[in-house]
Amino acid sequence: MNKKNVLTIRIPEDLKERIEKTAATQGVSLNQFALYAFTRGISDIDTANFFKKRIHRKTKESIEDGFKKVMEKVGKKDKIPTWDKL
């Protein structure tokens, strides 16, 4: 069973209005939207921290070399499908 907790935060009135408007536009409750926004924000921070740890103390050149090695494994495609063109 997931225990529910209450979190009270103070935010500027204009931000509250934007949150309410966005929640209404999305067709969800204020609580559902806030939960989504917090989850998304934490996920973005976790992702950024993951990549920071991965590149810590690596040079730009070593990162580029690693990228090139991966791209060599992919190989070249002679013809680009129509659906993949801009």
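Residues numbered from 1 in each chain as written. Predicted model: local features only at pLDDT ≥ 70, side-chain atom pairs only at ≥ 80, totals over all residues. Heavy atoms only, no water.

Caption draft 1: Looking closely at the packing of aromatic side chains. The tally for this structure, following the rule as stated, stands at 2 aromatic pairs. Considering the side-chain rings of F33 and Y36, the 6.3 Å spacing of their centres and the 40 degrees angle between planes classify their relative orientation as tilted. Highlighted residues: F33 and Y36, both in helix α2 (residues 30-55), separated by 3 residues, approximately one helical turn. Residue classification places Y36 among the partly exposed positions, given a relative accessible area of 47%. Between F50 and F51, the ring centres sit 5.1 Å apart and the planes meet at 80 degrees, which makes this aromatic pair edge-to-face. Its relative accessible area of 47% is what places F51 among the partly exposed residues. (Phe/Tyr/Trp six-rings, centres within 6.5 Å; stacked < 30°, edge-to-face > 60°. Helix = DSSP H or I, 4+ residues; strand = E, 2+ residues; numbered from the N terminus. Buried < 20%, exposed > 50% of the residue type's maximum accessible area, 1.4 Å probe, protein only.)

Structural measurements only, silent on function.
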